[in-house]
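Summary of structural features
Next come the chains, spelled out residue by residue.
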Amino acid sequence: EKIINKSYSINSMIFTRLKCYFSLIIIYLYYGIIIVQSESNDSEMEIITLIQSAKEFSERSSPDYYQSINYLNKALNSLNENDSTLKYFIFKEIIEILELEPSIESSLTIPPLEMLSQLSQNGDDQSQCILASIYGTGVYTGLVPMDAGRSLLLTQSSAMSGDYLANMAMGYRHLYGIGVPESCEHAIKHYELSANEAARAIESRGYALFSDKSYLYNIKMKSREIDEELVDFYTHLSNEGDATAALSLAVMHMTGSKLLPQSYSKAIDCLYTASLSTNRQNAAAVALLGYLLVLGFKPSNPLPITIKEIVDRLHAIKDPVASTALGYAYYQGIGVHVNITRAVELLQSAAGKHTDAGYYLGEIYMGRGIPDGFEGPKIDMSAALQYYRT
């Protein structure tokens, strides 16, 4: 009995100590996890703060992309190896900035192609579409080995994920049989998917998508929905000669809505009314009026001013819309004599601020659209692609 009692006592003591040790281990593990989680949360908050600072610099009216990239580089350096979600988000932010300002590539800590490849492998449809274009043309921020098969595979993958640009590319491929069987039926299906995406965007906004945000960059319209009362109010003020109301009404006619059908002719009438004023709205109205006229849009009624006179007035206005309009006028010889060198200078001053300027520069450097009897700069596909991307 003594031996048994002693044995039981020892076992009980051992069991009690084991319980204490086990409890201590649990406590250490618990507080250790809390500390690790706390450090992890602090680190994550620091990264999010860096990303927010980067967005603030890139979304200013005068963006500082280099400062934005500096913050994003810091965020990347602060990431844990396994934090792929934040990493891919930062990659997308960097790629978007790179599209706007290609010169920032020298400030990046990771090559953009590597970022795009990782995003593409993660299933990002936009990155797949960009990579497809790169491998299809052999040009990005520099020369890249062309790979037609890889380009097609990436385009198909991106299109299947719903990217509207990739679907447009696949529609074009099927229409002309580029790397795929020529098929109008398949082309229509891909184009229809892109068109449906545009239709959904228009339906959600309530008005047509304007192809270029910079058209309206200096026109401060309220966020209020367009309603019948607002249209009547602006129409009344415009008829009274109010330049601000006329300019706002012109924008409504250009975008169109359920209450106000899209009409560039009526927009031109309103812009002419606004252009007669002497207030600060005058320059914006003249620039937009000049651009619509050089593009060939006609007013509802003949204007008491010639297109040459409008183009002459554009010389005195220093903003991206006026520079684009004047550049296009010199490019096509509308209201002025053709002068490709002058056109390039004006369009370059607006590139990155007005997307049409980048498009026209791309066309010029591809040797397209230049009137007969005139020569443009030497064809440069790399420069053309860079301008197209802006």
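Quick summary incoming for the structure in this document.

Scoring rules and cut-offs
- Residues numbered from 1 in each chain as written.
- Predicted model: local features only at pLDDT ≥ 70, side-chain atom pairs only at ≥ 80, totals over all residues.
- Heavy atoms only, no water.
- Helix = DSSP H or I, 4+ residues; strand = E, 2+ residues; numbered from the N terminus.
- Buried < 20%, exposed > 50% of the residue type's maximum accessible area, 1.4 Å probe, protein only.
- Contact = heavy atoms within 4.5 Å.
- Areas by Shrake-Rupley, 256 points an atom, 1.4 Å probe, with all protein chains shown as cover.
- Salt bridge = Lys/Arg side-chain N within 4 Å of Asp/Glu carboxyl O.
- Axes fitted to C-alpha atoms, helices over the stretch in contact; angles between N-to-C directions.
- Parallel < 35°, antiparallel > 145°, perpendicular 65-115°, else oblique.
- Left-handed = near helix turned anticlockwise from the far one by under 90°.
- Expected span 1.5 Å × (residues − 1).
- Arc of directions from axis to C-beta.
- Core = buried A, V, L, I, M, F, W, Y, C linked by side-chain atoms within 4.5 Å.

Before going further, it helps to spend a moment on the overall build of the chain. When its secondary structure is counted, the chain shows 17 helices and 0 strands. The buried share among the 390 residues of the chain stands at 41%. Long-range contacts, defined here as pairs at least 24 residues apart, represent 53% of the contacts in the chain between residues at least 6 apart. Here the chain displays about 22800 Å² of accessible surface, and carbon together with sulfur accounts for 55% of that area.

Counted under the stated rule, the structure contains 6 salt bridges. With its nearest N and O atoms 3.3 Å apart, the salt bridge here joins K308 to D312. Within this pair, K308 and its partner D312 are both found in helix α13 (residues 307-314), separated by 4 residues, close to a single helical turn. With relative accessibility at 47%, the residue K308 sits in the partly exposed group.

Packing of helix α4 (residues 112-121) against helix α5 (residues 125-137) leaves a shortest axis separation of 8 Å and a crossing angle of 130°. The orientation of α4 relative to α5 falls into the category oblique. Judged by the twist between their axes, the crossing of α4 over α5 is left-handed. Contacts from L113, L116, S117, L119 and S120 in α4 reach S127, Q128, I130, L131 and I134 in α5.

Once that is clear, we can look at helix α9 (residues 228-239). Count 3.6 residues to each turn of an α-helix, and residues three or four apart come out pointing the same way. A rise of 1.5 Å per residue sets the reference length of α9, with its 12 residues, at 16 Å; its end C-alpha atoms lie 16 Å apart and thus fit the reference within 8%. Taken residue by residue, α9 has L230, V231, Y234 and S238 as its buried positions. The arc that holds every buried residue of α9, seen down its axis, measures 100°, which confines them to one face. Exposed positions of α9 whose direction lies more than 90 degrees from the buried face are E228, E229 and N239. Directly after α9, the chain includes G241, whose backbone phi takes a positive value near 95°.

Our next topic: the environment of I364. Within the secondary structure, I364 is located in helix α16 (residues 355-365). Sequence separation between I364 and Y331 is 33 residues, and the spatial gap between their C-alpha atoms is 8.5 Å. What I364 contacts, discounting residues up to four positions off in sequence, is Y331, I340, V344, L347, I370 and P377.

Attention now moves to the nonpolar core. Considering soluble globular proteins, one finds that nonpolar side chains tend to be buried as a cluster. In terms of nonpolar packing, the biggest core is built from 60 residues, with L271, L289, V294 and Y331 touching the most fellow members. Considering each element in turn, this core owes the most residues, 10 residues, to helix α12 (residues 281-294). Apart from the residues within four sequence positions on either side, V294 is in contact with I307, V311, A325, Y328, A329 and I334. Core analysis: the next-biggest nonpolar cluster, separate from the first, contains 31 residues, L76, L86, L119 and L154 among them.

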